[in-house]
Amino acid sequence: MNNKQEQHKPSEAADHEGPLPFGDLVEEVSEGGEKVRHRGVYLLPNLFTTGALFCGFYAIVSSMNGNFSHAAIAIFAAMFLDGMDGRVARMTNTQSAFGEQYDSLADMVSFGVAPALVVFSWVLQDLGRWGWAAAFIYIACAALRLARFNTQIGVVDKKYFMGLASPAAASIIAATVWVWFDSAPTGIWAAGIALLTALAGLLMVSNFRYTSFKGLNFRGRVPFAFMLLVVLVFASLIIYQQQGVLAIAVIYGLSGPAAWLYGRIVSAGKVQNLDK
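About the cut-offs
- Per-chain numbering applies: the sequence of each chain, read as written, is numbered from 1 onward.
- The predicted origin of the model limits local features to residues at a pLDDT of at least 70 and limits the giving and counting of side-chain atom pairs to 80 or more, whereas totals for whole chains, interfaces and linings rest on all residues.
- For side-chain calculations, the full set of non-hydrogen atoms in the structure is used, while hydrogens and water are omitted.
- Each patch is built from salt-bridge-free residues with over 30% relative accessible area, joining like charges within 9 Å and nonpolar side chains (Val, Leu, Ile, Met, Phe, Trp, Tyr) within 5 Å.
- In this description, accessible areas are obtained by the Shrake-Rupley approach with a 1.4 Å probe, and a residue is regarded as covered only by the protein chains that are shown.
- Salt bridges are counted wherever a side-chain nitrogen of Lys or Arg sits within 4 Å of a carboxyl oxygen of Asp or Glu.
- Every helix listed is a DSSP run of H or I at least four residues long, and every strand listed is a run of E at least two residues long, numbered separately from the N terminus.
- Burial classes follow relative accessibility: with a 1.4 Å probe on protein chains only, a residue under 20% of its type's maximum area counts as buried, one over 50% as exposed, and anything between as partly exposed.
- Here the expected length of a helix is defined as 1.5 Å per residue gap, with one fewer gap than residues.
- The angle between two axes is taken between their N-to-C directions and runs from 0 to 180 degrees, where each axis is a line fitted to C-alpha atoms and a helix contributes only its stretch in contact.
- These descriptions rest on fixed angle ranges, namely under 35 degrees for roughly parallel, over 145 for roughly antiparallel, 65 to 115 for roughly perpendicular, and the rest for oblique.
- Handedness of a crossing follows from how the near helix is turned relative to the far one, being left-handed for an anticlockwise turn of less than a right angle and right-handed for a clockwise one.
- Contact criterion: two residues are considered in contact whenever any of their non-hydrogen atoms come within 4.5 Å of each other.
- Only Asp, Glu, Lys and Arg are considered charged, only Ala, Val, Leu, Ile, Met, Phe, Trp, Tyr, Cys and Pro nonpolar, and every remaining residue, Gly among them, polar.
- Aromatic rings from Phe, Tyr and Trp, taking only the six-membered ring of Trp, are treated as a pair when their centres fall within 6.5 Å; an angle between ring planes under 30 degrees marks them as stacked, one over 60 as edge-to-face, and anything in between as tilted.
- In this analysis the charged atom, NZ for Lys or CZ for Arg, is taken to sit over a ring once it is within 6 Å of the ring centre and within 35 degrees of the ring normal.
- Residues enter a nonpolar core if they are buried and are Ala, Val, Leu, Ile, Met, Phe, Trp, Tyr or Cys, with the set joined through side-chain atoms within 4.5 Å.

**Student:** Help me understand a nonpolar patch on the surface in this model?
**Tutor:** A contiguous nonpolar surface patch, about 430 Å² in accessible area, is contributed by Val222, Phe226, Met227, Leu229 and Val233. When you line up the elements, Val233 lands in helix H9 (residues 224–239). A relative accessible area of 38% means that Val233 is categorised as partly exposed.

The structure is reproduced here in structure tokens:
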């Protein structure tokens, strides 16, 4: 009798089966300060994440076909979409654990695998094992950086990133390719690109602090001269698009080590003053 009852008793897996053979997702989300269980996923923010993932995939395919300028632009498009998905989720109150994990996996493709394969197809493959090593260092560091970021969500200060964010690191590689895409560097210049790729990866797993710009008050007042500076920057980007983007990416990448070095110098100065 018990065996018959067990045969007719639906399993827990059957309870969660949807009308499609691909299964379904039931997750617990926070709404109004309370935990609520919902079936399915939020559409709008995950559309932006999917778009960023597609841009990363497109960059890889474009680099395989030798369209390196298209590949670089696709990585920047992925950066824009990646920046939008989190903001859209917060504005529409559609944040979820699934969205965070999906965003992290998409970032690994768009800002980890894609930049490494683009620069490898462009220059690094001609360096043999050294090129392989530089590209692998970048990919591995991107994975480690994203894993560390996921474990520190809600713990670290949101005004700063611990280590260079993966989109910022990808922008250094993409901008470099975008500037010199029509003439692949050789010799010492190719070695420099390999070193740049490895350093961009190592900065992602460093302990240097980078501002996240989340604490900026866009509603506040600024000096009139500041707006003039903004106009000049935009004018320069119109004339020197690729070079300007590369300069911004490199300056931001160096800002973490520069701030750390400045802090060490200031601390050393204070110690010397106390000794006197």
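Alright, that's what it looks like, and here's the rest.
**Student:** Explanation requested: helix H7 (residues 166–179) in the structure shown.
**Tutor:** At 3.6 residues per turn, the α-helix brings residues three or four places apart onto the same side. Across its 14 residues, H7 extends 20 Å between first and last C-alpha, which sits within 8% of the 20 Å expected from 1.5 Å per residue. By the criterion of burial, H7 is predominantly enclosed, with 14 of the 14 residues buried.

**Student:** Is there a simple way to think about the packing of helix H3 (residues 43–64) against helix H5 (residues 97–122) in this case?
**Tutor:** Where H3 meets H5, the closest approach of the two axes is 8 Å, and the angle between their N-to-C directions is 15°. In terms of orientation, H3 lies roughly parallel with respect to H5. Note on packing geometry: the crossing formed by H3 with H5 is left-handed. Contact residues: H3 offers Asn46, Thr49, Thr50, Ala52, Leu53, Gly56, Ala59, Ile60 and Ser63, while H5 offers Phe98, Gly99, Tyr102, Asp103, Ala106, Val109, Ser110, Val113, Ala114, Leu117, Val118 and Ser121. Here the contact of H3 with H5 is composed, by residue class, of 12 nonpolar, eight polar and one charged.

**Student:** In this structure, what is going on with the packing of aromatic side chains? I would like to understand it.
**Tutor:** What describes a pair of aromatic rings is the distance from one ring centre to the other and the angle between the planes of the rings. Under the criterion given, the structure shown has six aromatic pairs. Geometrically, the ring pair formed by Phe208 and Trp260 is edge-to-face, given 5.9 Å between the ring centres and 65° between the ring planes. Placement of the pair is Phe208 in the loop between helix H8 (188–204) and strand S4 (209–211) and Trp260 in helix H10 (residues 241–275), with a sequence separation of 52 residues. With a centroid separation of 5.4 Å and an interplanar angle of 45°, the aromatic rings of Tyr210 and Tyr252 are classed as tilted. Separated by 42 residues along the polypeptide, Tyr210 in strand S4 and Tyr252 in helix H10 bring together distant segments of the chain. The exposure class assigned to Tyr210 is buried, which follows from its relative accessible area of 0%. Since its relative accessible area comes to 17%, Tyr252 is described here as buried. The side chain of Arg209 reaches across the aromatic face of Tyr160, ending 4.1 Å from its centre.

**Student:** Is there a simple way to think about the nonpolar core in this case?
**Tutor:** Looking at soluble globular proteins, one finds that nonpolar side chains tend to be buried together. Residues Ala59, Val119, Trp122, Leu124, Tyr138, Leu164 and Met204 are the most contacted members of the largest nonpolar core, which totals 51 residues. Of all the secondary-structure elements, those providing two or more residues to this core are H3, helix H4 (68–91), H5, helix H6 (129–151), H7, H8 and H10. Per-element tally for this core: the top contributor is H7, with 10 residues. Once you skip the residues sitting within four places of it in the chain, Leu124 turns out to touch Val119, Gly131, Ala134, Ala135, Ala190, Ile193, Ala194 and Thr197.

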